[in-house]
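# Understanding the architecture of this molecule
What follows is each chain in one-letter form.
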Amino acid sequence: MTTPCEVQIFTKDEYKSKLVATNILKSSKELEKKYNFYNPNSLLSQINQRKIEKIDIQTKDILTRAKQFYIKTDKIFDITVGTLKVLKNLKTIQEIEKKRKELLEFVGVEHFKIKKNKISFDNPYTMIDLGGVVKEFAVDNAIKLLKKAKIESAIVNFGGDIYALGTKPNGEYFSIGIKNPLNPKEFITFIKLKNQALTTSASYERNYQIENKIYSHIISKENTQNQILSASIISKSALQSGIYSTSLMIKPTLKTNLEMIKPTLKTNLEKILIDKNLKIIR
């Protein structure tokens, strides 16, 4: 996942904890291998190269949910921005803007369709990138495995995408620190979590410079500078939190009260935005 990942399990059953930890490691590595954008042999690359059309149930589920969140985020969260990843290889702002203009018409999830167990594209250029989905999906999957093993207390942290299952053994909520974007060695605030996910998106650690312009690792068809330094979201799933924290980095005014994908479940997202003056907006 290109980032440190950890699972802390609190139980007196050592055998059970080792078994579920092994299962989490195995399933997470399978997800990483399957949906690696840069590995030409991954399933995702095979899809992007138009070498396969038939997809499995898991892939169909992820892509279908990504399409749904595309609508729910006013088309901000878009897995087809992978089409623009080639821009990172260019050397001048002029080259970047020219290529961006050429590729923008192929960005948008409407350029691919899923019918039954097959995926099809309306052009040869649209590329899917699940980098903003897989790590969060893996966290939620880890929680499912923990619950299946009847583990009641654990914390999963995959590169800052966190889910707190239950409470600490002493009954206290888990305390999660949110870093100060201007000084990542210190925390600007702490959040208490129980059976909730928290993800943070930020541009202060991962960006690159072309000539005199700083580009964020968060690729967007909007081509706008980040208006805030970081965005954190608390919700019932890491996938949902991750999608909205990323989307808020692009559009901080995006509404975050919504119904879950399953109409029988409802949740309100809690957002924590940190602007350039270190003002916290909750």
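In what follows, the structure referred to is the one given above.
The structure reproduced in this document is the subject of the present report.

Rules used throughout
Residues numbered from 1 in each chain as written. Predicted model: local features only at pLDDT ≥ 70, side-chain atom pairs only at ≥ 80, totals over all residues. Heavy atoms only, no water. Helix = DSSP H or I, 4+ residues; strand = E, 2+ residues; numbered from the N terminus. Buried < 20%, exposed > 50% of the residue type's maximum accessible area, 1.4 Å probe, protein only. Contact = heavy atoms within 4.5 Å. Areas by Shrake-Rupley, 256 points an atom, 1.4 Å probe, with all protein chains shown as cover. Axes fitted to C-alpha atoms, helices over the stretch in contact; angles between N-to-C directions. Parallel < 35°, antiparallel > 145°, perpendicular 65-115°, else oblique. Left-handed = near helix turned anticlockwise from the far one by under 90°. Nonpolar A, V, L, I, M, F, W, Y, C, P; charged D, E, K, R; others polar. Expected span 1.5 Å × (residues − 1). Arc of directions from axis to C-beta. Core = buried A, V, L, I, M, F, W, Y, C linked by side-chain atoms within 4.5 Å. Pairing = 2+ DSSP bridges. Phe/Tyr/Trp six-rings, centres within 6.5 Å; stacked < 30°, edge-to-face > 60°. Polar contact = N/O pair within 3.5 Å; in protein donor to acceptor, adjacent residues only side chain to side chain.

The number of helices and strands found in the protein is 6 helices and 15 strands. In the protein, buried positions account for 46% of the 282 residues. Of the contacts made within the protein by residues no fewer than 6 positions apart, 61% connect residues no fewer than 24 positions apart. When the accessible area of the protein is evaluated, it comes to approximately 15,500 Å², of which 51% is carbon and sulfur surface.

As a further point, take the packing of helix 5 (residues 134–148) against helix 6 (residues 238–250). Look at helix 5 against helix 6: their axes get within 7 Å of each other, and the N-to-C directions meet at 155°. In this view, helix 5 runs roughly antiparallel relative to helix 6, as classed from their interaxial angle. The two elements helix 5 and helix 6 cross, and the hand of that crossing is right-handed. Where helix 5 abuts helix 6, its residues Glu136, Val139 and Asp140 lie against Ala238, Leu239 and Gly242. Among the residues forming the contact of helix 5 with helix 6, the class breakdown is 3 nonpolar, 1 polar and 2 charged.

Moving on, we get to helix 3 (residues 57–72). Between its terminal C-alpha atoms helix 3 stretches 22 Å, which fits the 22 Å expected from 16 residues at 1.5 Å a residue. Turning to helix 3, its buried residues are Thr59, Ile62, Leu63, Ala66, Phe69 and Tyr70. When helix 3 is viewed along its axis, its buried side chains cluster within an angular range of 120° and face the same direction. Opposite its buried face, helix 3 presents the exposed residues Ile57 and Ile71, each directed more than 90 degrees away.

Soluble globular proteins tend to pack their nonpolar side chains together in the buried interior. Counting 50 residues, the largest nonpolar core has Leu63, Ile79, Phe112, Ile119, Ile128, Leu130 and Leu146 as the members making the most contacts within it. Here this core takes 7 residues from helix 5, the largest share from any one element. Excluding its chain neighbours within four sequence positions, the residues that come into contact with Leu146 are Ile9, Val20, Ile24, Ile151, Ala154, Val156 and Leu165. Counting 12 residues, the second largest nonpolar core, distinct from the first, contains Phe174, Ile191, Ile234 and Ile274.

Right, let's talk about the sheet that holds strand 14 (residues 270–274) for a bit. What the 7 strands build is an open sheet, ordered 1-4-5-8-11-14-15; its pairing is antiparallel. Pairing within the sheet leaves two strands with one partner each, and these edge strands are strand 1 (5–9) and strand 15 (280–281). One ladder, built from 6 bridges, connects strand 8 (residues 196–202) with strand 11 (residues 230–235); its direction is antiparallel. By the bridge assignment, Thr200 is partnered in strand 11 with Ser232. Along the sheet, helix 1 (residues 14–34) makes contact with strand 1 and strand 4 (154–158), crossing strand 1 at roughly 155°.

Another point: unusual backbone geometry. Among all residues save glycine, negative phi is the norm, and among peptide bonds the norm is trans. For Asp74, which is not glycine, the phi dihedral falls at a positive 55°. Along the polypeptide, Asp74 turns up in the loop between helix 3 and helix 4 (93–103). Positive phi values are uncommon outside glycine, yet Lys116 reaches one of about 55°. Here Lys116 falls in the exposed class, since its relative accessible area comes to 67%.

We now examine the packing of aromatic side chains. Across all of its chains, the model carries 6 aromatic pairs by this definition. With a centroid separation of 6.1 Å and 35° between ring planes, the pair formed by Phe10 and Phe174 is classed as tilted. Of the two residues, Phe10 sits in the loop between strand 1 and helix 1 while Phe174 sits in strand 6 (residues 174–180), which places them 164 residues apart along the sequence. Phe174 sits in the buried class, given a relative accessible area of 5%.

Turning our attention to the side chain of Asp78. Residue placement: Asp78 occurs in the loop between helix 3 and helix 4. The exposure class assigned to Asp78 is buried, which follows from its relative accessible area of 6%. A polar side-chain atom of Asp78 sits 2.6 Å from a polar atom in the side chain of Thr80. Filtering out sequence-adjacent residues up to four positions away, Asp78 remains in contact with Tyr70, Val107, Gly108, Val109 and Lys221.

As defined by bridge partners, strand 11 adjoins strand 14 across 5 bridges and the pair is classed as antiparallel. Opposite Ala231, over in strand 14, you have Leu273 as the bridge partner. Where strand 14 meets strand 15, 2 bridges bridge the pair, whose relative direction is antiparallel. Across the sheet, residue Ile274 finds its bridge partner in strand 15, namely Ile280.

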